[in-house]
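Remarks on the overall topology
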Amino acid sequence: MNYNFRFEILLRYQAEILQGVLLTLQLSVLTMVFGLVIGLGVAIAAGSPSKWLSVPARFYVETIRNTPLLVQLFIVFFGLPSLGVRLSADLAAVIALSINMGAYGAEILRAGFESVRRSQIEAGRSLGLTAAQTFRHVVLFQATKAIYPALASQFVLIMLATCVVSSIGVTELFHQAAFIDSRTYRSFEAYTLITLSYLILTLAFRALFSFIYWAVFVRRPAR
Amino acid sequence: MSLVELTQIRKSFGPVEVLKDVSLKVEKGEIVAIIGRSGSGKSTLLRCINGLEQVQAGRILVAGIDVTARNADLNVLRERAGMVFQSYNLFPHLDVERNVTLALKLVKKLDREAAGKIARDVVARVGLAEKLHAYPDELSGGQQQRVAIARSLAMQPALMLFDEITSALDPELVGEVLRVLEGVAKEGMTMMLVTHEMNFAKNVADRVIFMHEGRIHEDGPAREILQTPRTAELGSFLSAVLH
Amino acid sequence: MIREFAGADVVYLLLAARWTVALALVAMLGGGLLGLVIAALRIVPFKPANWLAILYINLIQGTPLLGQLFIFFFGLPLIGIQVDAWTAAAISLSIYAAAFFGEIWRGALQSVSIRQWEAGASLGLTYGQRLFYVVLPQALRVAVAPTVGFLVQLIKNTSLTALIGFVELTRAGQIISGATFAPLRVYLVVAVVYFVICFSLSQMSRRLERKLHVAR
Ligand SMILES: Nc1ncnc2c1ncn2[C@@H]1O[C@H](COP(=O)(O)OP(=O)(O)OP(=O)(O)O)[C@@H](O)[C@H]1O
Ligand SMILES: [Mg+2]
């Protein structure tokens, strides 16, 4: 083997990498927020007694979960223009990612509400709390605690998944690998460095989320 | 030689010493009830005898096998010393018959027919002949516990260990399991049982051991011990469980 | 030359879908074997082995699969192994799948209560007998549905290999889309093909889960 690994050249591209990280985080947060909003609507619709709501909601969830994100992205970015809807790469990315997250968010939220047992609701009502009070003081806290781990790992999954949008030219973190590659012809080093950057982000977010969990759900308020 | 001989055993979990210098002999055919407060080390004692826990010091001999030896053959030991647990621990993926025959086939190397015959026999002895092909989740707690006893009996052990086997049962199911135990006792099986059923201890056991804070605090004939406790600890324990 | 999106193109897509399935199958086999090793390393009572497995799982699950694909695609030639896109994709997806299979199977093994091991032990069964006759049959039941469920992820993830130039279903879609200028129709057909494969697997996973849940 006579290849000289030269990771040090990449140090010149700190600014690009930082910019990529910021865009990746923006994309991830936006996707999470929009995805949960869509997911909440879909979860409510899927559980509704009206077939006009529940059937389309289930169809949406199944379609999204059983097709690749990359293809969904291509449909939004390359396909929609033939219907006259022309989107920038960034906007197409946010839309495709949010629609994708909506299906997973719906499942997470549904599982969360189901996890709060009837007996807890009955206990709340039997103490004289109204339905709204029971929801706010009993159901919401427990449901949030139940879905928090799933949401936290979903955030990391989204962050890792956002790298596919580099394929339509969004200049997020993964795109920087191609950029550095094109400047230095150091493909292996560029992709390794960028891939490991994701590892750092993943570990950092996991630590942050565990801390939040501890602070919010485990720690007892000081007396 | 006694069937079970413990000499000065010590057992700790981390910094907590759970058994402190316990010595004990059990003769063949003896029925020993072990009583004591929660946390006094009763389960740990049985688990050490069966090699499920390792002791830090002392020696345990069971049917001539040195359980504490470094190269002890625990599988042979366990073939000779059966154990029934509080939580039944039947194999959920096997029906009653196969729960019983599994070890007969694998450990005793019996063929299907011989194992099946023994299974039918022991399952009938615990009064569940008609449940031979039921799965554990189709049985009541009492029935599951009787199958667990049958499964252990089938191995024809020299010694049987029972750890609070009626504690997880609804009160109305306790009787059926105790009756099975009584039957096994009458047949001359050597038994060590941790129990909270004082009447059963009084009527069926030959001997009662009272454990307190990791030590054998009192040891003697069942009726004598239970009727006239010598120490204040046993006295207060008995008045707590009887009232 | 721009032409119409025609029946022949659908056939081309279906033929390309064979490579999607083939890639997933290879990753399932390779990843399955390696996954067994990972699960074993994760549970043996030997700390360094556990750490190794945890490191592997974190590396794979903490980085994007797309990055892993590029690393293998560009990295293997550097250590003297000339690879085409197919080989890089197959190796990379196997390594990726192994981390997930390892975790699924470890979870399944550990879902069987320690009491079941003890019950086996108290009957005199050897370690191997306890594993094979008592624990594995129960663990298998727990593992089947999530294993099939992960195959859906695997099929979907094969689409990323299009980006290193491997001609499977998605890449075939890109090619035809470029030739016909009917991207919407092409990608919808591509999506339908994925959906048929993945939805059948999802349904199978659900049915297995229900069946194994009630049955013993
Ligand atoms: N695996 C373990 N790890 C750490 N501590 C243990 C373990 N098993 C038992 N202990 C501790 O050892 C002590 C004795 O436990 P043991 O189960 O033998 O008590 P016991 O007399 O059977 O009580 P009970 O009547 O509640 O079953 C307890 O303080 C318990 O907390
Ligand atoms: Mg106990």
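Attention in this report is confined to the structure presented alongside it. (Residues numbered from 1 in each chain as written. Chains lettered and ligands numbered in written order. Predicted model: local features only at pLDDT ≥ 70, side-chain atom pairs only at ≥ 80, totals over all residues. Heavy atoms only, no water.)

Structural notes on the site of ligand 1
All names here are of chain B. The following threshold applies: Here a residue is near a molecule or strand as soon as one of its heavy atoms is found within 4 Å of it. Within 3.5 Å is the distance limit for a polar contact, defined as a pair of N or O atoms, with the added protein rule that one can donate a hydrogen and the other accept it, and that residues adjacent in sequence qualify only through two side-chain atoms. Calculation of accessible area relied on Shrake-Rupley with a 1.4 Å probe; when residues are assessed, cover is drawn exclusively from the protein chains displayed. Numbering of helices and strands runs from the N terminus, with a helix taken as a DSSP run of H or I at least four residues long and a strand as a DSSP run of E at least two residues long. Side-chain classes are defined by residue name, with Ala, Val, Leu, Ile, Met, Phe, Trp, Tyr, Cys and Pro counting as nonpolar, Asp, Glu, Lys and Arg as charged, and the others, Gly among them, as polar.
Around ligand 1 sit Phe13, Val18, Arg37, Ser38, Gly39, Ser40, Gly41, Lys42, Ser43, Thr44 and Glu164, and that is every residue in its neighbourhood. The separation between an oxygen atom of ligand 1 and a polar side-chain atom of Thr44 is 2.4 Å. For ligand 1, the accessible surface in isolation is 630 Å², of which the surrounding protein chains cover 57%. Ranked by the residues each element gives to the shell around ligand 1, the list is headed by helix α1 (residues 42–49), at three residues. For the shell around ligand 1, a count of residues per class yields two nonpolar, six polar and three charged.

Description of the interface of chain A and chain C
The test is simple: Whether two residues touch is decided by their heavy atoms; if any such pair falls within 4.5 Å, the residues are in contact. Throughout, buried area stands for the accessible area (probe radius 1.4 Å) lost by two parts on being put together, summed over both. Salt bridge, as used here, is a side-chain nitrogen of Lys or Arg placed within 4 Å of a carboxyl oxygen of Asp or Glu.
Each side of the interface is counted separately: chain A has 36 residues, and chain C has 34 residues. Of the roughly 3000 Å² buried between chain A and chain C on both sides combined, carbon and sulfur atoms contribute 78%. The interface formed by chain A and chain C contains one salt bridge. Arg206 of chain C is the partner of Glu62 of chain A in a salt bridge, and the nearest nitrogen-oxygen pair spans 3.0 Å. Linking chain A with chain C are six residue pairs in polar contact (both at pLDDT 80 or more). Secondary-structure elements contributing two or more residues to the side of chain A that touches chain C are α2 (51–65), α3 (69–79), α7 (173–184) and α8 (187–218) of chain A. Looking at the side of chain A that touches chain C element by element, the count peaks at 10 residues for α8 of chain A. Class assignment of the residues belonging to the side of chain A that touches chain C gives a composition of 21 nonpolar, 11 polar and four charged.

Digging into the packing of aromatic side chains
Heads up, the rule is: Pairing of aromatic rings covers Phe, Tyr and Trp, the last counted by its six-membered ring, and requires centre-to-centre distances within 6.5 Å; plane angles under 30 degrees mean stacked, over 60 mean edge-to-face, and any other angle means tilted. For the exposure calls, accessible area comes from a 1.4 Å probe over protein chains only, and a residue counts as buried if that area is under 20% of its type's maximum, exposed if over 50%, partly exposed in between. In our convention, an over-ring charge means Lys NZ or Arg CZ found within 6 Å of a ring centre and within 35 degrees of that ring's normal.
Enumeration over the complete set of coordinates arrives at 30 aromatic pairs over all chains. For the pair Tyr13 of chain A and Phe179 of chain A, a centre-to-centre distance of 6.2 Å together with 80° between the ring planes defines the contact as edge-to-face. Placement of the pair is Tyr13 of chain A in the segment before α1 (14–47) and Phe179 of chain A in helix α7, with a sequence separation of 166 residues. Residue Phe179 of chain A is classed as partly exposed on the basis of its relative accessible area, which comes to 25%. Among the aromatic residues, those joined into a ring-pair cluster are Phe174, Tyr191 and Tyr198 of chain A together with Phe70, Phe73 and Phe74 of chain C. The aromatic ring of Phe13 of chain B is capped on one face by Lys11 of chain B, whose charged end is 4.8 Å from the ring centroid. Seen from the ring of Phe91 of chain B, Arg151 of chain B lies directly overhead, with NZ or CZ sitting 4.5 Å from the centre.

Things to note about the interface of chain C and chain B
For interface size, the figure often reported is the accessible area lost on association. Opposite the 19 residues of chain C that make contact, chain B presents 27 residues. Carbon and sulfur atoms make up 59% of the area that chain C and chain B hide from each other, which totals about 2000 Å². The interface formed by chain C and chain B holds one salt bridge in total. For Arg47 of chain B, the salt bridge goes to Glu118 of chain C, with nearest N and O atoms at 2.5 Å. Summed over the shared surface of chain C and chain B, the number is six residue pairs in polar contact (both at pLDDT 80 or more). Secondary-structure elements contributing two or more residues to the side of chain C that touches chain B are α5 (114–122) and α6 (127–157) of chain C. Among the residues making up the side of chain C that touches chain B, the classes are represented as seven nonpolar, seven polar and five charged.

Describing the environment of Val126 of chain B
All names here are of chain B. Within the fold, Val126 resides in the loop between α4 (112–125) and α5 (141–153). On the basis of relative accessible area, Val126 is assigned to the buried category, the value being 4%. A sequence separation of 31 residues divides Val126 from Pro157, and the C-alpha atoms of the two residues are 16 Å apart. Setting aside its immediate chain neighbours within four residues, Val126 contacts Arg146, Ala150 and Val180.

A few points about the side chain of Asn50 of chain C
Residues and elements named next belong to chain C. Of note, Asn50 is situated in helix α2 (residues 47–61). Within the structure, the side chain of Asn50 is placed 2.9 Å from the backbone oxygen of Leu41, a separation counted as a polar contact. Apart from the residues within four sequence positions on either side, Asn50 is in contact with Leu41, Arg42, Ile43 and Val44.

Structural notes on the pattern of salt bridges
Residue and element names in this part refer to chain B. According to the stated counting rule, one finds 18 salt bridges over all chains in the structure shown. Residue Glu30 pairs with Arg207 through a salt bridge whose shortest N-O separation is 3.2 Å. Of this pair, Glu30 sits in the loop between β2 (16–26) and β3 (31–36) while Arg207 sits in strand β9 (residues 207–212), and the two are 177 residues apart along the sequence. One exposure class covers both Glu30 and Arg207, and it is buried. Notably, a salt bridge pairs Arg125 with Glu187, separated by 2.4 Å at the nearest N-O pair. Of this pair, Arg125 sits in helix α4 while Glu187 sits in the loop between α6 (171–186) and β8 (190–194), placing them 62 residues apart in sequence.

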